[in-house]
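Remarks on the overall topology
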Amino acid sequence: MKVQVCIIGGGPSGLMLSQLLHLQGIDTIILEKSSRDYVLSRIRAGVLEHGFAELMREAQCGERMDREGEIHHGFYIAHDGKLDRVDLHKYSGGNSVMVYGQTELTRDLYEARDKLGGKVVHNAADVTPHDIASDKPYVTYRSGDEVIRVDCDYIIGADGFHGVSRKSIPQDKIKEYERVYPFGWLGVLSRTKPVSPELIYAKHERGFALCSLRSQVLSRYYVQVPLTDKVEDWSDDAFWEELKRRLPEEIAAKLITGPSIEKSIAPLRSFVCEPMRYGRLFLAGDAAHIVPPTGARGLNSAASDIYYLYHALLDHYKKGDDTGIDGYSQRALARIWKAQRFSWWMTTLLHRFPDRLPYEDRLQDTEFEYLFSSDAAQRSLAENYVGLPF
Ligand code: RFL
Ligand code: PHB
């Protein structure tokens, strides 16, 4: 089989790129190792920046998001018994974020791919890129006993942090930067009314907590837990009790609890791979970089990769101009590192680090005092949270 662009990974990055290219008459295939149901069962991002929402619209997938998603003009930070609001609208020049779950957005992208007759192969086993440094790369995968070969011009590695794409680049051609945090997030999804119409990020001496939502009847909550904790250690009751302890009393008193419909632990990690291209293989999204979820940047960073790649491939196929292709890695990384900085800063601001010094505790308190007494500091937070331009 021959296509112009072979995309490894059917998460939001791969689906979005394939949809955008298809609309421009560029032929793609997506090779996804899991089933569609499995991909759609993963509960991840909840907050989308303006740029991501725009890309969904450009991909002709924004209709349900615009109907069912919620526009948020601000969020709260609970700290030291206080509840301060970050006014995104005021401090970012009228911008906002969209609250719409990754599960729903992925479903919309799959439906759009189906509608256009896009090629999406699920349960593709042993996906392997070959000859990526040559101008005739190809990818093989296994379906049952049959090995299928896909010849292409370009390979896009959109297969997440644990995918095969980054690992297929020779180790001496890339440099990896990583920080693993000494805690994770225990997340619970419940069919209950959210405790607050806007998100609440809470810093507490027992650890971080987050009150988020998917809709007015579906809540998403998180608490910081040690890496040694297992989901089985946490009954629903234990989760709700711990969450309440970390919230201001008046919020905890309003919290409506219910059975969890999903419960999982995500470790926190910062990671960047440089460069994001080797030969004819381009990395995009979590395959190239990871952030801790605190600043809600992960999927939003994938969006700028996809935007740059989409335009680079368009220029190549429509105008014979390879400037975008040659500049992709550098351009993408410039924005990625800013998202890394912001996510690291939000994580440091809000979490309890097990090995912190008393000196660092005082600095953390001072960060809040400064933040909520300075328009410039709130402007910086808002500008990063709604997403830097791309
Ligand atoms: P994904 O979603 O990991 O998709 C990669 C796909 O590739 C497939 N795959 C393979 N396919 C073929 N062959 C192989 N060898 C393969 N190996 C893997 C996988 O099955 C999968 O389907 O990467 P993608 O598309 O780059 O998307 C990235 C986002 O998923 C991620 O950045 C966000 O979820 C991060 N994130 C958040 N981002 C935000 O912008 N805002 C948020 O509010 C936000 N909240 C979060 C988050 C991530 C979280 N977790 C669980 C890490 C909250 C959490 C808790
Ligand atoms: C979520 O709703 O899952 C969510 C929201 C904001 C974050 C991280 C996760 O910063």
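See the structure shown above.
For every chain, the first residue of the written sequence is number 1, and numbering continues from 1 onward in sequence order. Each chain gets a letter, beginning with A, and each ligand a number, beginning with 1, in the order they are written. Restriction of local features to residues with pLDDT of at least 70 applies here, the model being predicted, together with a cutoff of 80 or more for giving and counting side-chain atom pairs; totals for whole chains, interfaces and linings are based on all residues. Only hydrogens and water are removed before side-chain values are computed, so all heavy atoms of the structure are retained for them.

**Things to note about the overall build of the chain**
Short version of the rule: Where helices and strands are cited, they refer to DSSP runs of H or I of at least four residues and of E of at least two residues respectively, numbered from the N terminus. We compute the radius of gyration from the C-alpha atoms alone; for a globule the expected value is 2.2 Å times N to the 0.38, where N is the number of residues. The contact criterion used throughout is that any non-hydrogen atoms of two residues lie within 4.5 Å. Accessible areas in this description were obtained via Shrake-Rupley with a 1.4 Å probe; residue shielding takes into account the shown protein chains only.
From N to C terminus, the chain includes 12 helices and 20 strands. Here the chain has a C-alpha radius of gyration of 21 Å; the compact-globule value for 390 residues is 21 Å, and the two agree. Seen through its principal axes, the chain has C-alpha atoms that stretch 60 × 40 × 40 Å. Sequence-distant contacts in the chain: of pairs separated by 6 or more residues, those separated by 24 or more amount to 73%. Accessible area for the chain stands at about 17,000 Å²; split by element, carbon and sulfur atoms hold 50% of it.

**A few points about the site of ligand 2**
Here is the rule: Near is defined per residue: the residue qualifies when any heavy atom it owns lies within 4 Å of the molecule or strand. What qualifies as a polar contact is a pair of N or O atoms within 3.5 Å, subject to a donor-acceptor requirement within protein and to the restriction that residues adjacent in sequence count only when both atoms come from side chains. Under the convention adopted here, Pro, Cys and the residues Ala, Val, Leu, Ile, Met, Phe, Trp and Tyr are nonpolar, Asp, Glu, Lys and Arg are charged, and Gly plus all remaining residues are polar.
Taken together, 14 residues lie around ligand 2, and Tyr-201, Ser-212, Arg-214, Tyr-222 and Pro-293 are the ones closest in. In the model, an oxygen atom of ligand 2 is placed 2.6 Å from a nitrogen or oxygen of the Ser-212 side chain. In this structure, Arg-214 approaches ligand 2 through a side-chain N or O atom, which is 2.7 Å from an oxygen atom. For ligand 2, whose unbound accessible area comes to 280 Å², protein coverage reaches 96%. Breaking the shell around ligand 2 down by element, the ones donating at least two residues are strand E15 (209-215) and strand E16 (218-225). Residues belonging to the shell around ligand 2 are distributed by class as follows: eight nonpolar, three polar and three charged.

**Quick notes on the sheet that holds strand E18 (residues 277-278)**
The pairing of strands in a sheet happens through backbone hydrogen bonds and is either parallel or antiparallel. As a reminder, the rule being used: Two strands form a pair only when DSSP identifies at least two bridges running between them. Orientation is described by lines fitted to C-alpha atoms, with helices fitted over the stretch in contact, and by angles between N-to-C directions that extend from 0 to 180 degrees.
Strand order in the open sheet formed by six strands is E8-E2-E1-E12-E19-E18, with mixed pairing between adjacent strands. With one partner strand each, in any of the chains shown, strand E8 (119-121) and E18 form the two edges of the open sheet. Pairing of strand E1 (residues 5-8) with strand E12 (residues 154-157), which is carried by four bridges, proceeds in the parallel orientation. The partner of Ile-7 across the bridge, within E12, is Ile-156. Helix-sheet contacts for helix H1 (residues 12-23) involve E1, strand E2 (28-31) and E12, and the interaxial angle to E2 is about 165°. Across the sheet, helix H9 (residues 298-319) is in contact with E1, E12 and strand E19 (281-283); its angle to E12 comes to roughly 175°.

**Comments concerning the packing of H9 against helix H10 (residues 323-350)**
Rule in force here: Orientation is classified from the angle alone, with under 35 degrees giving roughly parallel, over 145 giving roughly antiparallel, 65 to 115 giving roughly perpendicular, and any other angle giving oblique. Each crossing gets its hand from how the near helix is turned against the far one by less than a right angle, where anticlockwise is left-handed and clockwise is right-handed.
Running from amino to carboxyl end, H9 crosses H10 at an angle of 165°, the nearest separation of the two axes being 9 Å. By the angle between their axes, H9 is roughly antiparallel relative to H10. Like other packed secondary-structure pairs, H9 and H10 cross with a definite hand, here right-handed. Side by side, H9 and H10 meet where Asn-300, Ser-301, Ser-304, Asp-305, Tyr-308, Leu-309, Ala-312, Leu-313 and His-316 of the first sit next to Gly-324, Ile-325, Tyr-328, Arg-331, Ala-332, Arg-335, Ile-336 and Ala-339 of the second. For the contact of H9 with H10, a count of residues per class yields nine nonpolar, five polar and three charged.

**Side note on the nonpolar core**
Put simply, the rule is: Residues enter a nonpolar core if they are buried and are Ala, Val, Leu, Ile, Met, Phe, Trp, Tyr or Cys, with the set joined through side-chain atoms within 4.5 Å. Only protein chains enter the accessibility calculation, which uses a 1.4 Å probe. A residue is then buried if its area is under 20% of the maximum for its type, exposed if over 50%, and partly exposed in between.
Core analysis: the biggest nonpolar cluster contains 72 residues, and Met-16 and Ile-156 have the highest contact counts within it. Here this core takes 10 residues from H9, the largest share from any one element. In this structure Met-16 touches Phe-52, Leu-55, Met-56, Ala-59, Leu-109 and Ile-306, once residues within four positions along its chain are discounted. Counting 32 residues, the second largest nonpolar core, distinct from the first, contains Tyr-201, Phe-208, Met-346 and Tyr-385.

**Regarding the pairing of strand E11 (residues 146-151)**
Of the pairings in the sheet, the one linking strand E10 (residues 138-143) to E11 comprises six bridges and is antiparallel in character. Among the inter-strand pairings, Tyr-141 is bridged to a residue of E11, identified as Ile-148. Between E10 and E11, which pair antiparallel and follow one another directly, the connecting turn spans two residues, one of which, Gly-144, has a positive phi of 65°.

**Thoughts on the site of ligand 1**
Close contacts around ligand 1 come from 33 residues, with Ser-13, Glu-32, Gln-102, Asp-286 and Leu-299 the closest. Between ligand 1 and the protein, one listed contact pairs an oxygen atom with a backbone N or O atom of Gly-298 at 3.4 Å. Between ligand 1 and the protein, one listed contact pairs an oxygen atom with a backbone N or O atom of Asn-300 at 3.0 Å. Here ligand 1, which alone exposes 1,000 Å², has 89% of that area covered by the protein. Elements that contribute at least two residues to the shell around ligand 1 include exactly H1 and H9. Looking at which element gives the most residues to the shell around ligand 1, the answer is H9, with three residues.

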